[in-house]
Amino acid sequence: DAGVIQSPRHEVTEMGQEVTLRCKPISGHNSLFWYRQTMMRGLELLIYFNNNVPIDDSGMPEDRFSAKMPNASFSTLKIQPSEPRDSAVYFCASSWGVTSTDTQYFGPGTRLTVL
Amino acid sequence: AQTVTQSQPEMSVQEAETVTLSCTYDTSESDYYLFWYKQPPSRQMILVIRQEAYKQQNATENRFSVNFQKAAKSFSLKISDSQLGDAAMYFCACRSGTSYGKLTFGQGTILTVHP
């Protein structure tokens, strides 16, 4: 079975540009999570969806960040405009549900560099 | 709110030896799960093992086992017969029943395996 798929794997952009990160969850999973990993803050949950509906976006740092899940097999995380402090590795994860019993499976991550 | 603490930024072990990575956590929930994830240089987050808080028996997955001390809120990972491929960053994480999807991660421990 294919795991969580993220694209691109690497993204280099200039400050002020729009960045879109993409995620395809594992087929059949109904929950999707976006995390950000930085040296300073470690792994942080940004937002998660259940059945394509955003449940908790309290981790989204600013209005510059937005996430969508138009269907069960696709989600995007957009940063507009991007800033150098957004440089990080962004992970997408999916699971069967959102209870504590449901293991999250992570994608390979997107390394974002904003110059 | 949950907190997860990994007090060992780095650990090292000789190939074929045993190493234990420490983790303590704090949660007010009675229903929660604990996880260890491995992050090799490829950045992929890989689930190593998980433990249900209501189970007294320590989880085991091949060479990986945990020592779950519920009263002490301790959740250590033991790697037996260490292999070069075990070298990675290891993250301890906690997820409670009422936090829905939110995984709270520790700071991580870098494990080096010497041949």
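For the structure, see preceding data.
Residues numbered from 1 in each chain as written. Chains lettered and ligands numbered in written order. Predicted model: local features only at pLDDT ≥ 70, side-chain atom pairs only at ≥ 80, totals over all residues. Heavy atoms only, no water.

**Student:** When you look at the nonpolar core in this model, what are you seeing that I'm missing?
**Tutor:** Trp 36, Phe 75, Leu 77 and Tyr 90 of chain B are the most contacted members of the largest nonpolar core, which totals 25 residues. Of all the elements in the fold, those that place two or more residues in this core are strand E3 (19-21), strand E5 (32-39), strand E6 (46-52), strand E8 (64-69), strand E9 (74-79), strand E10 (88-96) and strand E12 (109-114) of chain B. Looking at this core element by element, the count peaks at four residues for E10 of chain B. Val 4, Leu 21, Ile 79 and Leu 112 of chain A belong to the second-largest nonpolar core, a separate cluster that totals 21 residues. (Core = buried A, V, L, I, M, F, W, Y, C linked by side-chain atoms within 4.5 Å. Buried < 20%, exposed > 50% of the residue type's maximum accessible area, 1.4 Å probe, protein only. Helix = DSSP H or I, 4+ residues; strand = E, 2+ residues; numbered from the N terminus.)

**Student:** Whenever I open this one, the interface of chain A and chain B confuses me. Can you help?
**Tutor:** Chain A puts 25 residues into the contact, and the matching count from chain B is 22 residues. With both chains or domains summed, chain A and chain B bury close to 1800 Å², and 50% of this area falls on carbon and sulfur atoms. Counting the contacts that link chain A with chain B gives zero salt bridges. Counting every contact that joins chain A to chain B gives seven residue pairs in polar contact (both at pLDDT 80 or more). (Contact = heavy atoms within 4.5 Å. Buried area = accessible area lost by both parts, 1.4 Å probe. Salt bridge = Lys/Arg side-chain N within 4 Å of Asp/Glu carboxyl O. Polar contact = N/O pair within 3.5 Å; in protein donor to acceptor, adjacent residues only side chain to side chain.)

**Student:** Explain the sheet that holds strand E8 (residues 74-79) of chain A here, please?
**Tutor:** Through backbone hydrogen bonds, the strands of a sheet pair up, either in parallel or in antiparallel fashion. Residue and element names in this part refer to chain A. What the four strands build is an open sheet, ordered E1-E3-E8-E7; its pairing is antiparallel. Edge positions in the open sheet fall to strand E1 (5-7) and strand E7 (65-71), since each of these has one partner strand only. Between one strand and the next, the sheet's axes are offset by a mean angle of 15°, whatever the strand orientation. (Pairing = 2+ DSSP bridges. Axes fitted to C-alpha atoms, helices over the stretch in contact; angles between N-to-C directions.)

**Student:** Before we go on, may I ask you to explain the environment of Asn 51 of chain A in this structure?
**Tutor:** Mapped onto the secondary structure, Asn 51 of chain A falls in the loop between strand E5 (42-50) and strand E6 (53-56). Distance from Asn 51 of chain A to His 29 of chain A, taken between C-alpha atoms, is 8.8 Å for residues 22 residues apart in sequence.

**Student:** Would you mind showing me how to read the packing of aromatic side chains here?
**Tutor:** Aromatic ring pairs are described here by two measures, namely the spacing of the ring centres and the angle between the planes. Tallied over the entire structure, the rule returns 13 aromatic pairs over all chains. Plain terms: the ring middles of Tyr 33 of chain B and Tyr 54 of chain B are 6.5 Å apart, the flat faces sit at 75° to each other, and that makes the pair edge-to-face. Highlighted residues: Tyr 33 of chain B in strand E5 and Tyr 54 of chain B in the loop between E6 and strand E7 (60-61), separated in sequence by 21 residues. Residue Tyr 33 of chain B is classed as buried on the basis of its relative accessible area of 3%. Pairwise contacts between aromatic rings join Tyr 35, Phe 91 and Phe 106 of chain A together with Phe 35, Tyr 37, Phe 91 and Phe 105 of chain B into one cluster. (Phe/Tyr/Trp six-rings, centres within 6.5 Å; stacked < 30°, edge-to-face > 60°.)

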